[in-house]
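Notes for the structure review
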Amino acid sequence: MDNVAVLAVVVCGLLTTGCSDADEPKPPAVPCAHDLGGTPPTDDAYRIVLDAVALPAGTLTPQESGEPGRLFAKQGLVVRANTEVDITIAPEAAAGTRIGWGSPAPEATAVHVPACPSGSGWLAFAGGYTVRAPTCVPLVVEAHGRRERVEVSVGADC
């Protein structure tokens, strides 16, 4: 390791800001108050990921978003109640894809759903996927201290 690298390691060890994951921006949180009233996903239209979130199993049909060169696939997010979930677009797809849920749903490359209560056991949030062209969207889902990579078909089969 050269002197510059050693110095960087020492400085980061001494500072409390600027060198840790704590300084990375937090993804937008979906407010619990934006729950539309979820019901348990019981059909083949969804697949349950990490026993925490139900994602679409089929191919979503995107529409013109109103923003030139962008398509939007409206698809609610269904999350198990009292379960904290983080969903991130995989790095290789982050340049041309955004996700967002809530009302309004800010578009981002990641979202955080806090552990919201619900009498039905599930929550549902309006929103969806914004893409440049029909594509397979790779997502990383984190819940219960585990992580799983999944794909969502937005106008193109995965």
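Here is a short report on the structure shown in this document. These figures come from a predicted structure and were not determined experimentally.

Let us now look at the overall build of the chain. Tallying secondary structure elements over the chain gives 1 helix and 13 strands in all. What you see in the chain, going N to C, is helices and strands ordered as α-β-β-β-β-β-β-β-β-β-β-β-β-β. A buried classification covers 36% of the 158 residues belonging to the chain. Partitioning the intrachain contacts of the chain with sequence separation of at least 6 by distance along the chain shows that 67% fall at a separation of at least 24. Of the accessible surface of the chain, which amounts to about 8,700 Å², a share of 54% is contributed by carbon and sulfur atoms.

Our focus in this paragraph is the sheet that holds strand β7 (residues 85-89). To summarise the sheet geometry, strands pair through backbone hydrogen bonds and adopt either a parallel or an antiparallel arrangement. The strand order β3-β13-β12-β7-β9 describes an open sheet built from 5 strands, whose pairing is mixed. Each having just a single partner strand, β3 (59-60) and β9 (110-113) make up the two edges of the open sheet. Across 2 bridges, β3 lies against strand β13 (residues 146-154) in parallel orientation. The residue of β13 that forms the bridge with Thr-59 is Ser-153.

Quick look at the packing of aromatic side chains now. If you walk through the whole model with that rule in mind, you get 1 aromatic pair. Both rings, one in Trp-101 and one in Tyr-129, keep their centres 5.5 Å apart while their planes meet at 85 degrees; by these two values the pair is edge-to-face. Of this pair, Trp-101 sits in strand β8 (residues 97-101) while Tyr-129 sits in strand β11 (residues 127-131), and the two are 28 residues apart along the sequence. Taken individually, Trp-101 and Tyr-129 each receive the classification buried, so the pair is uniform in this respect.

For the rest of this paragraph, the subject is the nonpolar core. Soluble globular proteins tend to bury their nonpolar side chains together. Val-53, Leu-55, Val-85, Ile-87, Tyr-129, Leu-139 and Val-141 are the most contacted members of the largest nonpolar core, which has 33 residues in total. For this core, the element with the most residues is strand β12 (residues 135-143), which contributes 4 residues. Dropping the residues within four chain positions of it, Val-85 is found in contact with Ala-52, Val-53, Val-79, Val-111, His-112, Val-113, Val-141, Glu-142 and Ala-143.

What follows concerns the pattern of salt bridges. In the structure shown here, the tally under the stated rule is 3 salt bridges. A salt bridge links Arg-149 to Glu-92; its shortest N-O distance comes to 2.4 Å. In this pair, Arg-149 is assigned in strand β13 and Glu-92 in the loop between β7 and β8, connecting sequence segments 57 residues apart. Judged by its relative accessible area of 55%, Glu-92 falls in the exposed class. For Arg-147, the salt bridge identified is with Glu-142, shortest N-O distance 3.3 Å. The class of Arg-147 is exposed, set by a relative accessible area of 60%.

Disulfide: a covalent bond formed between the sulfur atoms of two cysteine residues. All chains considered together, the criterion is met by 2 disulfides. Each disulfide pairs two cysteine sulfurs, and for Cys-32 the partner residue is Cys-116, the sulfurs being separated by 2.0 Å. What sets the handedness of the Cys-32 and Cys-116 disulfide is the S-S torsion sign, and at about -80 degrees it is left-handed. Residue Cys-32 is found in the loop between α1 (3-14) and β1 (46-49), and its partner Cys-116 is found in the loop between β9 and β10 (122-125); the two are separated by 84 residues along the sequence.

Another aspect to go through is the side chain of His-112. Tracing the sequence through the fold places His-112 in strand β9. Taking the relative accessible area as the measure of exposure, His-112 reaches 17% and is therefore buried. In this structure the side chain of His-112 is engaged in a polar contact, spanning 2.7 Å, whose partner is the side chain of Asp-86.

What counts, and at which threshold
Residues numbered from 1 in each chain as written. Predicted model: local features only at pLDDT ≥ 70, side-chain atom pairs only at ≥ 80, totals over all residues. Heavy atoms only, no water. Helix = DSSP H or I, 4+ residues; strand = E, 2+ residues; numbered from the N terminus. Buried < 20%, exposed > 50% of the residue type's maximum accessible area, 1.4 Å probe, protein only. Contact = heavy atoms within 4.5 Å. Areas by Shrake-Rupley, 256 points an atom, 1.4 Å probe, with all protein chains shown as cover. Pairing = 2+ DSSP bridges. Phe/Tyr/Trp six-rings, centres within 6.5 Å; stacked < 30°, edge-to-face > 60°. Core = buried A, V, L, I, M, F, W, Y, C linked by side-chain atoms within 4.5 Å. Salt bridge = Lys/Arg side-chain N within 4 Å of Asp/Glu carboxyl O. Disulfide = S-S within 2.5 Å. Polar contact = N/O pair within 3.5 Å; in protein donor to acceptor, adjacent residues only side chain to side chain.

Limitation: the analysis is restricted to geometry and does not speak to function.
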